[in-house]
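Residue-level structure breakdown
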Amino acid sequence: DAKSKVVILATGGTIAGAGATAANSATYQAAKVPVDKLIAGVPELADVADVRGEQVFQIASESFTNEQLMTLGKRISALVKQDDVDGIVVTHGTDTLEETAFFLNLVVHSAKPIVVVGAMRPGTALSADGMLNLYDAVAVAAAKDSRGKGVLVTMNDEIQSGRDVTKAINIRTEAFKSPWGALGMVVEGKGYWFRAPVKRHTTNSEFDIDKIEKLAPVEIAYGYGNMSDMAYRAFGKDVKAIIHAGTGNGSVAKHIVPVLQELRGKGVQVIRSARVTGGGFVLRNAEQPDDKYDWVVSHDLNPQKARILAAVALTRTQDSKELQRIFWEY
Ligand SMILES: NC(=O)C[C@H](N)C(=O)O
């Protein structure tokens, strides 16, 4: 029977990186190799799908902007409406891969598989991981059983939920972790599934990239001992929401409460998240009186994912209760 048609949208990153010698696994330039060369480097892709490439950007992912998220999302939304496209792979730098994957998970209305993939070593390195990661991504994007599971990430043989996954390690190929575990494994071009996400995503989302023109401005401030209110005051005037990357349970130092209340009074949403890396879980009114202060909690979303959801949600509502509902449901 006919092979699935998969479009590879390349955005740069280390998966398109090149180093001076094969020994350079950490010293290299990201975003160098064009998509056609990435595809030509893995002839086995043709065994699992009919692939074609599009170069959307050629950047390191730490430089991704909201405008680029929008451009990528709108392109994917147009492609998945085409009958001659069965699945999408996005090659991406790993630094902000989790943000793009979650963004697409929220705003693209399609059950067709969308898989975001990167690499920890440039393609020129000994034991480069990008080629296998790309092969796994194309295999998952081509498979019917990947449909309807939200945006996926394939790294290090694992299939991860784009909502849950985070870059937890920055020097090993085993870099991507989810506090709730992987969804499955890819072995020799076949996906093996063990669980599926239950949070709202893609076809079941109230957000639609085709109806969004501009994301809301949201900034993140980091919590630590002896912190001052300087960052909050600096952000204050230009943002719709501040993600507080709080210590522990998303806690807030008592001398930071007044500036947050002042900003809330001016209409800025205050969203408490946790800076812990192994899986934050922030509940309302536990350590902080969120009802009294009219704050929102990010639940299990880390600060950078909370920024994405807030930037999308605030295109639809400015109401803190609605925003909290959205943080529970997505
Ligand atoms: N491994 C990587 O892809 C890191 C790189 N800085 C990027 O995000 O583009």
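Below, the structure is looked at part by part. (Residues numbered from 1 in each chain as written. Predicted model: local features only at pLDDT ≥ 70, side-chain atom pairs only at ≥ 80, totals over all residues. Heavy atoms only, no water.)

**Looking at the site of the ligand**
The following threshold applies: Residue proximity to a molecule or strand is established when one non-hydrogen atom of the residue lies within 4 Å of it. We define a polar contact as two N or O atoms separated by no more than 3.5 Å, with the added condition that, inside protein, one atom must be a possible hydrogen donor and the other a possible acceptor, whereas residues neighbouring each other in sequence contribute only through side-chain atom pairs. Residue burial considers only the protein chains on display, and all accessible areas are found by Shrake-Rupley using a 1.4 Å probe. Any residue with an atom within 4 Å of a point lines the site, the site being either a cavity, points on a 1 Å grid over the protein atoms alone where a 1.4 Å probe fits but cannot get out, or a pocket, an open set with protein on both sides within 12 Å along at least 5 of 7 lines. If over half the atoms of a molecule are within 2 Å of the grid points of a cavity or pocket, the molecule is regarded as sitting in it.
What surrounds the ligand is the set G13, T14, Y28, A60, S61, E62, G93, T94, D95 and A119. Contact distances for the ligand include 2.9 Å between a nitrogen atom and a side-chain N or O atom of E62. Interatomic distance of 2.6 Å between a side-chain N/O atom of T94 and a nitrogen atom of the ligand. If the ligand stood free it would expose 270 Å²; the protein chains cover 92% of that surface. Put simply, the ligand lies in the second largest pocket.

**Let's talk about unusual backbone geometry**
Test applied: Here the term buried applies to any residue with accessible area under 20% of the maximum for its type, exposed to any over 50%, and partly exposed to those in between, with areas from a 1.4 Å probe on protein chains only. Secondary structure follows DSSP: runs of H or I at least 4 residues long count as helices, runs of E at least 2 residues long count as strands, and numbering of each begins at the N terminus.
We note that N156 has phi near 55°; this positive angle belongs to a residue other than glycine. A relative accessible area of 31% places N156 in the partly exposed class. One non-glycine residue with positive phi stands out, namely D294, at about 65°. Here D294 lies in the loop between α8 (290-293) and β14 (296-297).

**So, the pairing of strand β12 (residues 241-246)**
Applicable threshold: Between any two strands, at least two bridges found by DSSP are needed for them to pair. Crossover handedness is defined by viewing with both strands directed away from the observer: a clockwise path from the first strand over the helix to the second marks the crossover as right-handed.
Within β12, six of the six residues are buried, leaving the element largely enclosed by the surrounding structure. The side-chain alternation of β12 yields two buried faces, one formed by A241, I243 and A245 and the other by I242, H244 and G246. Across five bridges, the pairing between strand β11 (residues 218-222) and β12 is parallel. In the sheet register, A221 faces β12, and the bridge partner there is H244. When β12 meets strand β13 (residues 269-274), the two strands line up parallel, connected through six bridges. Note on β13: the bridge partner recorded for A245 is S273. Taken together, β12, helix α7 (residues 257-265) and β13 constitute a β-α-β crossover, and its handedness is right-handed.

Bear in mind that shape data such as this cannot, by itself, settle questions of function.
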